[in-house]
Amino acid sequence: MNKFICDYPWHDIYVNHFGEISFCSNHKVFGNLKQNSLEEIYHSKEIDDIRNYILKGDYLNTRCLKTCGVLTHAYPELANYFCHESGYIDNSFNSEIMAL
């Protein structure tokens, strides 16, 4: 299996009708256009940290939701890790990804 890297944080931006910004429909809000510019939000430390976690294969620290269709499609054999009751990816998922 090839190493998968989610590229949404580098090329997608979602803006809802409240001006809230996220980079995917399964992720939390990172800012609001009523309070910060798009450039400030896009280059924020929080989003840069998430990009770095993704590059390392550390999906737990991205706080991606377990309902992420991108990750479940890329790793169907690891689907049970997406069922953590917290709503986020199970901690053991990272070690499985790093082993691939």
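Data block above holds the structure.
Structure report, in brief. (Residues numbered from 1 in each chain as written. Predicted model: local features only at pLDDT ≥ 70, side-chain atom pairs only at ≥ 80, totals over all residues. Heavy atoms only, no water.)

A closer look at the nonpolar core
We apply this condition: Here, the term nonpolar core denotes a set of buried Ala, Val, Leu, Ile, Met, Phe, Trp, Tyr and Cys residues that are joined through side-chain atoms within 4.5 Å. The classification of residues rests on relative accessible area computed with a 1.4 Å probe and restricted to protein chains. Under 20% of the type maximum is buried, over 50% is exposed, and intermediate values are partly exposed. Numbering of helices and strands runs from the N terminus; a helix is a DSSP stretch of H or I covering at least four residues, while a strand is a stretch of E covering at least two. Contact definition: two residues touch when any of their heavy atoms are within 4.5 Å.
Grouped together as the largest cluster of nonpolar side chains are twelve residues: Cys 6, Ile 21, Phe 23, Cys 24, Phe 30, Ile 41, Ile 47, Ile 50, Ile 54, Tyr 59, Cys 68 and Leu 71. If you tally residues by element for this core, the top one is helix α3 (residues 45-56), at three residues. Ignoring anything within four residues of it in the chain, the contact list for Cys 6 reads Ile 54 and Tyr 59.

Observations regarding the sheet that holds strand β1 (residues 14-15)
Hydrogen bonds between backbone atoms are what pair the strands of a sheet, whose relative direction is either parallel or antiparallel. Put simply, the test is: What makes two strands pair is DSSP finding at least two bridges between them.
Across the sheet, three strands lie side by side as β1-β2-β3; this open sheet has antiparallel pairing. Unpaired on one side and paired on the other, β1 and β3 (31-32) mark the two borders of the sheet. Sheet topology note: the β1/strand β2 (residues 20-22) ladder contains two bridges and is antiparallel. Within the sheet, the bridge partner assigned to Tyr 14 lies in β2 and is Ser 22.

Regarding the packing of aromatic side chains
The geometry of two aromatic rings is summed up by the distance between their centres and the angle between their planes. Counted only if it meets this: Each Phe, Tyr or Trp ring, with Trp reduced to its six-membered ring, pairs with another whose centre is within 6.5 Å; inter-plane angles below 30 degrees give stacked pairs, above 60 give edge-to-face pairs, and intermediate values give tilted ones. Counted as over-ring charges are cases with an Arg CZ or a Lys NZ within 6 Å of the ring centre that also lie within 35 degrees of the ring normal.
If you walk through the whole model with that rule in mind, you get one aromatic pair. Relative to Phe 30, the ring of Phe 23 lies with its centre 5.1 Å away and its plane at 15°, an arrangement referred to as stacked. Note on Phe 23: relative accessible area 5%, which makes it buried. Under the relative-accessibility criterion, Phe 30 is labelled buried at 11%. Geometry around Tyr 42 places Arg 51 over its ring, the cationic atom sitting 4.3 Å from the centre.

Quick look at α3
What counts is decided by this rule: A helix is expected to reach a length of 1.5 Å times the quantity of its residues less one. The directions from the helix axis to the C-beta atoms form the arc being described.
In this model α3 runs 16 Å from its N-terminal to its C-terminal C-alpha over twelve residues, within 8% of the 16 Å that 1.5 Å per residue would give. All buried positions along α3 are accounted for by Ile 47, Ile 50, Arg 51 and Ile 54. End-on view of α3: buried residues confined to an arc of 100°, all on one side of the axis. Away from its buried face, by an angle of more than 90 degrees, α3 presents the exposed residues Lys 45, Leu 55 and Lys 56.

Some thoughts on the environment of Val 29
Summarising the element assignment, Val 29 is placed in the loop between β2 and β3. Spatially, the C-alpha atom of Val 29 lies 9.9 Å from that of Gly 19, the residues being ten residues apart in sequence. For Val 29, the residues in contact, after removing those within four places along its chain, are Glu 20, Ile 21 and Ser 22.

Notes on the pattern of salt bridges
What counts is decided by this rule: Salt bridges, as used here, are contacts in which a Lys or Arg side-chain nitrogen is within 4 Å of a carboxyl oxygen on Asp or Glu.
With the rule as written, the count across this model stands at two salt bridges. The salt bridge partner of Lys 45 is Asp 49, with a shortest N-O separation of 2.8 Å. With Lys 45 and Asp 49 both in helix α3 and four residues apart, this pair spans about one turn of that helix. Taking the relative accessible area as the measure of exposure, Asp 49 reaches 26% and is therefore partly exposed.

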